[in-house]
Amino acid sequence: MTRTKHVYSDDLAYSCSSHSSITLLTWRDRPITIWRDLLNVIARIAARLIGQTITSQPLKAHPRAYLVVLNRGEGTRPKEDTVPISRDEVRIGRDPNNADLLLDDPSISRRHAILRWDHEAEAYFLMEDGGRSGTFVAGKRVQTGQSVRLASGDSIALGPVQFRFYDADDVPS
C-alpha cells in the first residue's frame, strides 16, 4: 500500500492510500479526517481558489516517539530494543488479534493499555485499558480508564515489562 501526500500550498495538504476510504486533510497543520472522494472534490476546488497546481510526493511515516525496552519480562516480544511509534493509537497487550504492540508475558492482559496521540496537545497519552498487573508512569499507578500525558524520559511499567518513553527528538542513540 503506497501512501501519497498531495501538497496544494503551504497551508493545504492531504495524504491518502490506495486501499483506504478515509484520508487525512491538513489545513495549516491541523488534521481533518474525511472520505477520499469528498476530499478530492474539496482539495481541487481549494487548489483552484488559491491558484496552486497539484504536486505529489511519497509520504513517509516518521515516528513521533520511541519506546526503549528496559525489561522484557518473561516473554520474548517486543524483540526490538527500541520501538518507533508513528501511529495515532497503539494498543498494547498480549492478544495478537487486538494488540499493535504485542507483549508475550503472562502477567500482561489481553488488552492492557493504549498509547494515544492527542493532536491538540501534540503529545502522547497512555491510557490504562484494564491491565491486571497494573500500569505505571514515572512510578505512579494509572487507574483503569485514566489517561496520563507522557513526557520524554518517562518510565512506563506494564506489569514486569518496562519501557522508557522518548519524543522523536530526544531518543538516545
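The coordinates are above.
Quick summary incoming for the structure in this document. Since we're looking at a predicted model, the values are computed, not measured.

### With respect to the environment of Pro84
And step 1. Summarising the element assignment, Pro84 is placed in strand S7 (residues 82-85).
And step 2. We classify Pro84 as partly exposed; its relative accessible area is 48%.
And step 3. Taking the C-alpha atoms as reference, Pro84 lies 9.9 Å from Val171; in sequence the two are 87 residues apart.

### What about the sheet that holds S7?
And step 1. The strand order across the open sheet formed by 6 strands is S7-S6-S16-S15-S12-S13, and the pairing between neighbours is antiparallel. The sheet is open, and its two borders are formed by S7 and strand S13 (140-141), each paired with just one other strand.

### Some words on the pairing of strand S15 (residues 155-158)
And step 1. When strand S12 (residues 135-137) meets S15, the two strands line up antiparallel, connected through 3 bridges. Along S15, the bridge assignment pairs Val137 with Ile156.
And step 2. Of the strand pairs in this sheet, S15 and strand S16 (residues 161-167) are connected by 4 bridges, and their pairing is antiparallel. Bridging from a neighbouring strand, Leu158 pairs with Val161 of S16.
And step 3. Taking the residues between adjacent antiparallel strands as the criterion, S15 and S16 are bridged by 2 residues, where Gly159 takes a positive phi near 60°.

### Comments concerning the pattern of salt bridges
Pairing is possible between side chains of opposite charge, provided their charged atoms come close.
And step 1. For the structure on display, the rule yields 5 salt bridges.
And step 2. Arg64 is the partner of Asp88 in a salt bridge, and the nearest nitrogen-oxygen pair spans 2.8 Å. One end of the pair, Asp88, is in the loop between S7 and strand S8 (89-93); the other, Arg64, is in the loop between strand S5 (55-58) and strand S6 (65-71), and 24 residues separate them in sequence.
And step 3. The exposure class assigned to Asp88 is partly exposed, which follows from its relative accessible area of 35%.
And step 4. Take Arg64: its relative accessible area is 27%, and that puts it in the partly exposed class.
And step 5. Note that Arg111 is salt-bridged to Asp129, the shortest N-O span being 3.5 Å. Taken together, the residues span a long stretch of sequence, with Arg111 in the loop between strand S9 (101-102) and strand S10 (113-118) and Asp129 in the loop between strand S11 (123-128) and S12 at a distance of 18 residues.
And step 6. For Asp129, a relative accessible area of 17% corresponds to the buried category.
And step 7. One salt-bridge network, held together by shared partners, links Glu89, Arg91 and Arg116.

### Quick notes on the sheet that holds S9
And step 1. Strand order in the open sheet formed by 5 strands is S9-S8-S10-S11-S14, and the pairing between neighbours is mixed. Edge strands, defined here as strands with exactly one partner in the open sheet, are S9 and strand S14 (147-149).
And step 2. For S8 and S9, the ladder comprises 2 bridges, and the chain directions are parallel. Looking at the pairing, Ile92 lines up with Leu101 of S9.

### A word on unusual backbone geometry
Working note: non-glycine residues mostly have negative phi, and peptide bonds are mostly trans.
And step 1. Phi is positive for Glu122, which is not a glycine, with a value near 50°.
And step 2. Tracing the backbone shows Glu122 in the loop between S10 and S11.
And step 3. One non-glycine residue, Ala138, adopts positive backbone phi at about 55°.
And step 4. Note on placement: Ala138 falls in the loop between S12 and S13.

The rules behind each value
- Residues numbered from 1 in each chain as written.
- Predicted model: local features only at pLDDT ≥ 70, side-chain atom pairs only at ≥ 80, totals over all residues.
- Heavy atoms only, no water.
- Helix = DSSP H or I, 4+ residues; strand = E, 2+ residues; numbered from the N terminus.
- Buried < 20%, exposed > 50% of the residue type's maximum accessible area, 1.4 Å probe, protein only.
- Pairing = 2+ DSSP bridges.
- Salt bridge = Lys/Arg side-chain N within 4 Å of Asp/Glu carboxyl O.

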